[in-house]
Amino acid sequence: MPELPEVETIRSGLATHVPGSAIEGVEVHAPQVLRRQDGGPGALGDLVVGRTITGAHRRGKFLWLTLAGEDYALLIHLGMSGQVLVRAREREPHRHLRVRLALRRQDGSAQDLWFVDQRMFGYLAAVPLGPDPHGGGPIPVTMTHIGPDPFEPALVPGSPLRRRINRRIRASTRGIKAILLDQQVVSGVGNIYADEALWRARVHGARPANRLTAGKVEEILTAATDVMVEALAAGGTSFDALYVDVAGEPGYFERALAAYGRAGQPCLRCGALIVRETYLGRSSFRCPRCQRRPARTR
DNA sequence: ACGAGCTCCTGCTTGC
DNA sequence: TGCAAGCAGGAGCTCG
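Residues numbered from 1 in each chain as written. Chains lettered and ligands numbered in written order. Predicted model: local features only at pLDDT ≥ 70, side-chain atom pairs only at ≥ 80, totals over all residues. Heavy atoms only, no water.

**Focus: the domain arrangement of chain A**
- Each assigned domain of chain A is listed with its residue range as follows: domain 1 (4–143) and domain 2 (153–297).
- Domain 1 and domain 2 are separated by 28 Å when their C-alpha centres are compared.
- Between domain 1 and domain 2, the residue contacts involve 21 residues of the former and 20 residues of the latter.
- One can count five residue pairs in polar contact (both at pLDDT 80 or more) joining domain 1 with domain 2.
- Where the side of domain 1 that touches domain 2 is concerned, the elements lending two or more residues are α1 (4–17) and β5 (82–87).
- Of the residues belonging to the side of domain 1 that touches domain 2, the class tally is seven nonpolar, eight polar and six charged. (Domains from an automatic or database assignment. Contact = heavy atoms within 4.5 Å. Polar contact = N/O pair within 3.5 Å; in protein donor to acceptor, adjacent residues only side chain to side chain. Helix = DSSP H or I, 4+ residues; strand = E, 2+ residues; numbered from the N terminus. Nonpolar A, V, L, I, M, F, W, Y, C, P; charged D, E, K, R; others polar.)

As structure tokens, then:
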């Protein structure tokens, strides 16, 4: 499940391979992944063919390639199982190949950009660029509601934005994990890194956010940032073949996970057995001793 | 305005 | 053995 570190690994791979290349053609194998395209699936080709890719950007789990003219971007969300692969033109198509972009490099050589997605929760869309409400560079207009992510300089500890977000979190009665998963507050954290951050901060995910101190919220945000920095250094987390980088290589952070997926195994801090629970309709893993359930929940 | 719940989708696993 | 149900879950949407 791609979260911030995995999407950043892909962004960085794209940044080294595709800027300067022109999009020569679009081949759609599954129109479903273009369901968010304004004007319908057919509009994608009209908006991107003939244009040159100028850069690869990311906020949270959203990825976009800017196009020459800097008025439009090709927005990519990987959903649960999306992959972006840079492939040789001759390569045999992948079973779950949904969209193929034919690229032409500046030196005249050809390469393909594949959007592969088994479960098709992901999508592609050519979207106009607009101003960033959080003060950064232009972003696709369909994602202006997405909050800043912990890798953004504006969100460093002690910054005004960080303090504002800390207050916003503590104004809510929702469980802290629900807020971590809410991409409109802070983006980039998904189910895996939320559980890891909460384990590190010794907090139960169902703890109402308004009952946390500013210092504890800060500790949770820092833990989320730290675990994602470490995961990025390992190339991301690959549970199965569903997450790979643009060259098709998996990441190696799974072996460093302390909570997620470790039900029945000892807590690396205290030895109590990690438990799996359902929270918000998805699985949560925690240490029953380090992360005590809040008193009045359930 | 906020939050809870539903929905999209495929493939692997589980149970009868 | 074969089939159906269960499960995985990001984020946009609807509804209260």
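**A closer look at the side chain of Asp132**
- Tracing the backbone through its elements, the reader meets Asp132 in the loop between β8 (123–130) and β9 (139–140).
- Within the structure, Asp132 has its side chain in polar contact with the side chain of Arg59 (distance 2.8 Å).
- A polar side-chain atom of Asp132 sits 2.7 Å from the main-chain amide nitrogen of Gly136.

**Let's talk about the protein's contact with DNA strand B**
- In the vicinity of DNA strand B, the residues found are Gln32, Arg95, His96, Gln118, Arg119, Met120, Phe121, Ser172 and Arg174.
- Within 4 Å of the protein, the contacting atoms of DNA strand B are 75% sugar and phosphate, with bases supplying the remainder.
- The separation between a phosphate oxygen of DNA strand B and a polar side-chain atom of His96 is 2.7 Å.
- In this structure, a phosphate oxygen belonging to DNA strand B sits 3.0 Å away from a side-chain N or O atom of Ser172.
- Here the surface near DNA strand B is composed, by residue class, of two nonpolar, four polar and three charged. (Near = heavy atom within 4 Å.)

**What about the environment of Arg174?**
- As for its placement among the helices and strands, Arg174 is situated in the loop between α3 (160–170) and α4 (176–181).
- A sequence separation of 32 residues divides Arg174 from Ala206, and the C-alpha atoms of the two residues are 7.8 Å apart.
- Ignoring sequence-local partners within four residues, the contact set of Arg174 consists of Ile179, Asp182, Arg207, Pro208 and Ala209.

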